[in-house]
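# Residue-level structure breakdown
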Amino acid sequence: MSDDHAHVQEFFTARAAGWDSKFPDDGPAYAAAVADLRLGAGDRVLDAGCGTGRALPPLRAAVGPTGVVLGADLTPAMIAAAVAAGRDREGALLLADVAALPLRPECLDAVFAAGLIAHLPHPVENLRELARVVRPGGRLALFHPIGRAALAARQGRQITPEDLRAEPNLRPLLSRSGWRMTSYVDEEARFLALAVRED
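Note that the structure is a prediction, hence the values are computed from the model and not measured.

A few words now on the packing of helix 6 (residues 123-132) against helix 8 (residues 167-176). In a packed pair of helices, the relevant descriptors are the angle between the two axes and the axis-to-axis distance. Two elements in contact, helix 6 and helix 8, have axes separated by 8 Å at closest approach and are oriented at 55 degrees. The pairing of helix 6 with helix 8 is recorded here as oblique in orientation. Of the two elements, helix 6 crosses helix 8, and the hand of that crossing is right-handed. Residue-level inspection shows Pro-123, Val-124, Leu-127 and Arg-128 of helix 6 in contact with helix 8, the latter providing Leu-173, Leu-174 and Arg-176. Here the contact of helix 6 with helix 8 is built from residues that sort into five nonpolar, no polar and two charged.

Shown next, in the form of structure tokens:
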């Protein structure tokens, strides 16, 4: 395991048990972002870096009983917290690195990723791996329940021009990774970038 992975696991292991109680009001923001992903009944979707699985209920509702919902996370404590919250009833949980997914190429219709991009050690390669498992024309949602400025303020830092989530940085990053950005929203109440998997 790389130092990057060890750091991510250490960070989230220490916070897993109290994660949902720390952010109790995020449910509607997750549901709205999932709605913007425009999933249909029977679609196959991955929540990449699913954490405690907060996106799994709206993802299941969007794809219905015939759809496939997967949640993948690197941190065992986060998967355990998702199970404790009963979210394993909404989809299959995988203890897996999103940089090397145990999925066949083009098996999914969409990927939902909340708060993931800041934790990717090699963003181009890691986003390319997400593209690998999505069919051409499939969709990606990069989401955070608050915008970049609000998140920076919460963390006691300033937004820098190098921020990967800034539109001038994110659009070419996605393009180099096999995605085409179709929508970008960075507001106080949410961050949501939508992209389509190129052929």
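That shown, we press on.
A few words now on empty space enclosed by the protein. Unoccupied space between atoms shows up once a probe the size of one water molecule is rolled over them. Applying the stated criterion across every chain, the model contains one cavity of 30 Å³ or more. Its boundaries defined by the atoms lining it, the largest cavity holds a volume of some 50 Å³. Forming the walls of the largest cavity are Ala-113, Gly-115, Leu-116, Ile-117, Ala-118, Leu-142, Phe-143, His-144, Arg-165 and Phe-191. For the lining of the largest cavity, the element with the most residues is strand 5 (residues 134-144), which contributes three residues. Here the residues of the lining of the largest cavity sort into seven nonpolar, two polar and one charged.

Among the nonpolar cores identified, the biggest contains 31 residues, and Leu-46, Leu-127, Leu-130 and Leu-142 are the most heavily contacted of them. The biggest single contributor to this core is helix 6, with four residues. The contacts of Leu-127, once residues within four sequence positions are left out, are Ile-117, Leu-120, Leu-140, Leu-142, Leu-173, Leu-174, Ser-177 and Trp-179. Counting 22 residues, the second largest nonpolar core, distinct from the first, contains Val-45, Ala-82, Leu-93 and Ala-114.

Counting buried positions along helix 6 gives seven out of ten residues, so the element sits mostly inside the fold. For helix 6, the full list of buried residues reads Pro-123, Val-124, Asn-126, Leu-127, Glu-129, Leu-130 and Ala-131. Looking at the buried residues of helix 6, the elements they touch are strand 1 (44-48), strand 4 (108-114), strand 5, helix 8, strand 6 (179-186) and strand 7 (191-197).

Next up on the list: the side chain of Asp-47. Note that Asp-47 resides in strand 1. No salt bridge forms around the buried Asp-47; measuring N to O, its nearest opposite-charge neighbour Arg-54 is 8.2 Å away. When sequence neighbours within four positions are dropped, the list of residues in contact with Asp-47 reads Ala-55, Leu-56, Leu-59, Leu-70, Gly-71, Ala-72 and Phe-112.

Scoring rules and cut-offs
- Residues numbered from 1 in each chain as written.
- Predicted model: local features only at pLDDT ≥ 70, side-chain atom pairs only at ≥ 80, totals over all residues.
- Heavy atoms only, no water.
- Axes fitted to C-alpha atoms, helices over the stretch in contact; angles between N-to-C directions.
- Helix = DSSP H or I, 4+ residues; strand = E, 2+ residues; numbered from the N terminus.
- Parallel < 35°, antiparallel > 145°, perpendicular 65-115°, else oblique.
- Left-handed = near helix turned anticlockwise from the far one by under 90°.
- Contact = heavy atoms within 4.5 Å.
- Nonpolar A, V, L, I, M, F, W, Y, C, P; charged D, E, K, R; others polar.
- 1 Å grid on protein atoms, 1.4 Å probe; cavity = no way out; pocket = protein on both sides within 12 Å on 5 of 7 lines; lining within 4 Å.
- Points joined across faces, edges and corners; volume = space filled by probe spheres on them.
- Core = buried A, V, L, I, M, F, W, Y, C linked by side-chain atoms within 4.5 Å.
- Buried < 20%, exposed > 50% of the residue type's maximum accessible area, 1.4 Å probe, protein only.
- Lys, Arg positive; Asp, Glu negative; His and termini not counted.
- Salt bridge = Lys/Arg side-chain N within 4 Å of Asp/Glu carboxyl O.

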